[in-house]
Number of protein chains: 2
Amino acid sequence: MKTIETCISPDLLDLHELANKTVIVVDIFRASSTMVTALSNGVNSIVPVKDLDQCKSYKKSGWLIAGERNGKQADGFDLGNSPLAYLDQAFAGQNVAMTTTNGTRAISLAREQASEVLIGSFLNLQATVDYLQTSTNDVLVLCAGWKGKFNLEDSLYAGALSLLLGWDHDCDATLGMEALYQQVGGDLQGFLQKASHAKRLQNHDLDKDIDFCLELNQFNSVVYLSEEGLKNKNN
Amino acid sequence: MKTIETCISPDLLDLHELANKTVIVVDIFRASSTMVTALSNGVNSIVPVKDLDQCKSYKKSGWLIAGERNGKQADGFDLGNSPLAYLDQAFAGQNVAMTTTNGTRAISLAREQASEVLIGSFLNLQATVDYLQTSTNDVLVLCAGWKGKFNLEDSLYAGALSLLLGWDHDCDATLGMEALYQQVGGDLQGFLQKASHAKRLQNHDLDKDIDFCLELNQFNSVVYLSEEGLKNKNN
């Protein structure tokens, strides 16, 4: 019998056992949603990096570089951090180095110990569920959070995923988020308008990004971490 | 305008600013519920201590000592950790040294920096709300959690408290737990039967303790940390 647990912040990850597990890193606003969108629209691979300077070093190797400062595309960068930029196969076949703060930290923590690392988003929720049902691994959802704190959008993803998997578990965070998702999942946009990170993004007029990141099952992709960066299993 | 935030684990407390705040430590199953019950039933003061050995040292000074091993009253101790033992003024006028693991850690972390430390429980929820409304301090709810992890009973208390206070805030944990409490607060017993810590207590046949810890507003007491241990402001 497989099981699922939720770690609501990277700062609490050392309380969890990762060996032999599939860890799903989720950073709904916007890193994991953008990664899934890009790799579902023909991007070849993505390397998540921590800051703009590290990102720039990939430019020389012919990679696209994606990064923002204060909600706007950073100077000298090809892309900002919006998932919408990758729609319609806009950058198909290319490799992308992408800056994320919370997301990169979560991914690098997970890769050290886990059997497998996936990237989760509402946009490929069902495809990820279908893949996990075929695997023998237990699952840990690692919420990227906001500077170490609990955030609602990442935690609600864990609830949605667990409801769809239907596995038994003994995890209060998962149980609480299942109940909350059952309550608010029908109007994620409305509920998360009040969430702290959504409010920060609204300040930068990123409403279209927020709405898109909360759409369910737009892509039939399973995004995993390989030696060459993030890839789409279903490509 | 006063505000409230929730720290869902002592392991995340360094992400929060405590100066000039009232920190409410909550460990519903069972430490904070037992403390509130004891101090609402005439106990003079309580010193929370970390382990049985430290607790025993208070015996020589004429204190009652309360401690458990494996869900049963520890050898040589006057009391276990059940709130029910303190009802009907059973130990009125006495001083108690009480072992708690998660609770003691949370209290000692909070006392270092906060302006004031209170002990919260569902049993004295409204009395605590009334007191906080008269104070000028912002509030931080510090959930004792379970070995550093999120737990539902402590976090739901934060949601209940925040709903009653009705203050503005920018805290996702508080927002999520408000919504969850609105959904399940009418049947806390039913919902929390599935929670991990309640299941652990059920293994020890502590169902009566669990039910009691989830009753609302049994006592009109405000429990705070003084130089001489925990006291009831309304005594």
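Residues numbered from 1 in each chain as written. Chains lettered and ligands numbered in written order. Predicted model: local features only at pLDDT ≥ 70, side-chain atom pairs only at ≥ 80, totals over all residues. Heavy atoms only, no water.

Chemist: What am I meant to see in the pairing of strand β1 (residues 4-7) of chain A here?
Modeler: All names here are of chain A. By the alternation rule, side chains of β1 split into Ile4 and Thr6 and Glu5 and Cys7, which are all buried. Sheet analysis places β1 next to strand β9 (residues 138-143), joined by four bridges and oriented parallel. Within β9, the residue paired with isoleucine 4 across the bridge is valine 139. (Buried < 20%, exposed > 50% of the residue type's maximum accessible area, 1.4 Å probe, protein only. Helix = DSSP H or I, 4+ residues; strand = E, 2+ residues; numbered from the N terminus. Pairing = 2+ DSSP bridges.)

Chemist: Which parts of the structure should I look at to understand the relation of the copies chain B and chain A?
Modeler: Applying a rotation about an axis and a shift along it to one chain copy brings it onto the other copy. When chain B is fitted onto chain A, the two copies agree to an RMSD of 0.0 Å after a turn of 180° and an axial shift of 0.0 Å. As the rotation angle and translation indicate, the two copies are arranged about a two-fold axis. Using C-alpha coordinates, one finds that chain B approaches the rotation axis most closely at leucine 180 of chain B, a distance of 2.9 Å. Of the residues that chain B buries at the interface, 100% are likewise interface residues in chain A, meaning the two copies contact each other through the same surface. (Least-squares fit on C-alpha atoms with pLDDT ≥ 70 in both. Contact = heavy atoms within 4.5 Å.)

Chemist: Looking at this structure, how should I read the packing of aromatic side chains?
Modeler: The geometry of an aromatic ring pair comes down to the distance between the two centres and the angle between the two planes. Throughout the structure, instances matching the rule amount to ten aromatic pairs over all chains. Where phenylalanine 122 of chain B meets tyrosine 181 of chain B, the ring centres are 6.4 Å apart and the plane angle is 15°; that geometry is what we call stacked. Of this pair, phenylalanine 122 of chain B sits in the loop between β8 (116-120) and α4 (125-134) while tyrosine 181 of chain B sits in helix α6 (residues 172-184), and the two are 59 residues apart along the sequence. Of the residues examined, tyrosine 181 of chain B reaches a relative accessible area of 13% and is grouped as buried. Counting every residue linked through ring pairs, the aromatic cluster contains Phe122, Tyr157 and Tyr181 of chain A. The cationic tip of lysine 233 of chain B hangs over the ring face of tyrosine 224 of chain B; the distance from NZ or CZ to the ring centre is 4.3 Å. (Phe/Tyr/Trp six-rings, centres within 6.5 Å; stacked < 30°, edge-to-face > 60°. Lys NZ or Arg CZ within 6 Å of the ring centre and 35° of its normal.)

Chemist: Please explain the layout of surface pockets as it appears in this structure.
Modeler: If you roll a probe as big as a water molecule over the atoms, it shows you where there is empty space left. What the largest pocket holds in volume is close to 710 Å³. Every residue lining the largest pocket is counted, 28 residues in all, and those nearest its centre are Arg30, Asn81, Thr100, Thr101 and Trp146 of chain A. Of all the secondary structure elements, the ones that give two or more residues to the lining of the largest pocket are α1 (31-40), β5 (68-69), β7 (95-99), α3 (102-113) and α8 (196-202) of chain A. In the lining of the largest pocket, the residues fall into eight nonpolar, eleven polar and nine charged. Lining of the second largest pocket is provided by 22 residues; of these, Arg30, Glu68, Asn81, Thr101 and Trp146 of chain B occupy positions nearest its centre. Counting only elements with at least two residues in the lining of the second largest pocket, the list comes to β5 (68-69) and α8 (196-202) of chain B. Here the lining of the second largest pocket is built from residues that sort into six nonpolar, nine polar and seven charged. (1 Å grid on protein atoms, 1.4 Å probe; cavity = no way out; pocket = protein on both sides within 12 Å on 5 of 7 lines; lining within 4 Å. Points joined across faces, edges and corners; volume = space filled by probe spheres on them. Nonpolar A, V, L, I, M, F, W, Y, C, P; charged D, E, K, R; others polar.)

Chemist: Just checking my understanding: could you explain α1 of chain A for this structure?
Modeler: An α-helix turns once every 3.6 residues. As a result, residues three or four positions apart point the same way. Residue and element names in this part refer to chain A. Counting buried positions over the ten residues of α1 gives ten, a clear majority of the element. Every buried residue of α1 is listed here: Ala31, Ser32, Ser33, Thr34, Met35, Val36, Thr37, Ala38, Leu39 and Ser40. A positive backbone phi angle near 85° is found at glycine 42, which sits one or two residues after α1.

Chemist: Which parts of the structure should I look at to understand empty space enclosed by the protein?
Modeler: Residues and elements named next belong to chain A. Counted according to the given criterion, the structure contains one cavity of 30 Å³ or more. Space inside the largest cavity adds up to approximately 30 Å³. In terms of lining residues, the largest cavity is bounded by Val25, Asp27, Ala31, Ser32, Met35, Gly103, Ile107 and Ile119. When contributions to the lining of the largest cavity are tallied by element, the ones reaching two or more residues are α1 and α3.

Chemist: Honestly, the interface of chain B and chain A in this entry has me stumped. Any pointers?
Modeler: Frequently, the measure chosen for interface size is the accessible area that the parts lose on association. With 29 residues of chain B at the contact, the number on the chain A side is 29 residues. Taken over both partners, the interface formed by chain B and chain A buries close to 2,300 Å², and the fraction arising from carbon and sulfur atoms is 63%. Taken together, the connections running from chain B to chain A amount to two salt bridges. With a closest N to O distance of 3.5 Å, aspartate 170 of chain A and lysine 199 of chain B form a salt bridge. Where chain B meets chain A, there are eight residue pairs in polar contact (both at pLDDT 80 or more). For the side of chain B that touches chain A, the elements supplying multiple residues, two or more each, are α5 (152-165), α6 and α8 of chain B. Along the lines of polarity and charge, the residues of the side of chain B that touches chain A split into twelve nonpolar, eight polar and nine charged. (Buried area = accessible area lost by both parts, 1.4 Å probe. Salt bridge = Lys/Arg side-chain N within 4 Å of Asp/Glu carboxyl O. Polar contact = N/O pair within 3.5 Å; in protein donor to acceptor, adjacent residues only side chain to side chain.)

Chemist: It is not clear to me how the packing of α5 of chain B against α6 of chain B should be interpreted in this structure. Could you clarify?
Modeler: Two quantities define a packed helix pair, namely the angle between the axes and the distance from one axis to the other. Residues and elements named next belong to chain B. Relative orientation of the contacting elements α5 and α6 amounts to 90°, with a least axis distance of 7 Å. Between α5 and α6, the angle is such that the two are roughly perpendicular. Contacts between α5 and α6 involve Leu152, Ser155, Leu156, Gly159, Ala160, Ser162 and Leu163 from the first element and Thr174, Met177, Glu178, Leu180, Tyr181, Gln182 and Val184 from the second. Classifying every residue of the contact of α5 with α6 by side-chain character gives eight nonpolar, five polar and one charged. (Axes fitted to C-alpha atoms, helices over the stretch in contact; angles between N-to-C directions. Parallel < 35°, antiparallel > 145°, perpendicular 65-115°, else oblique.)

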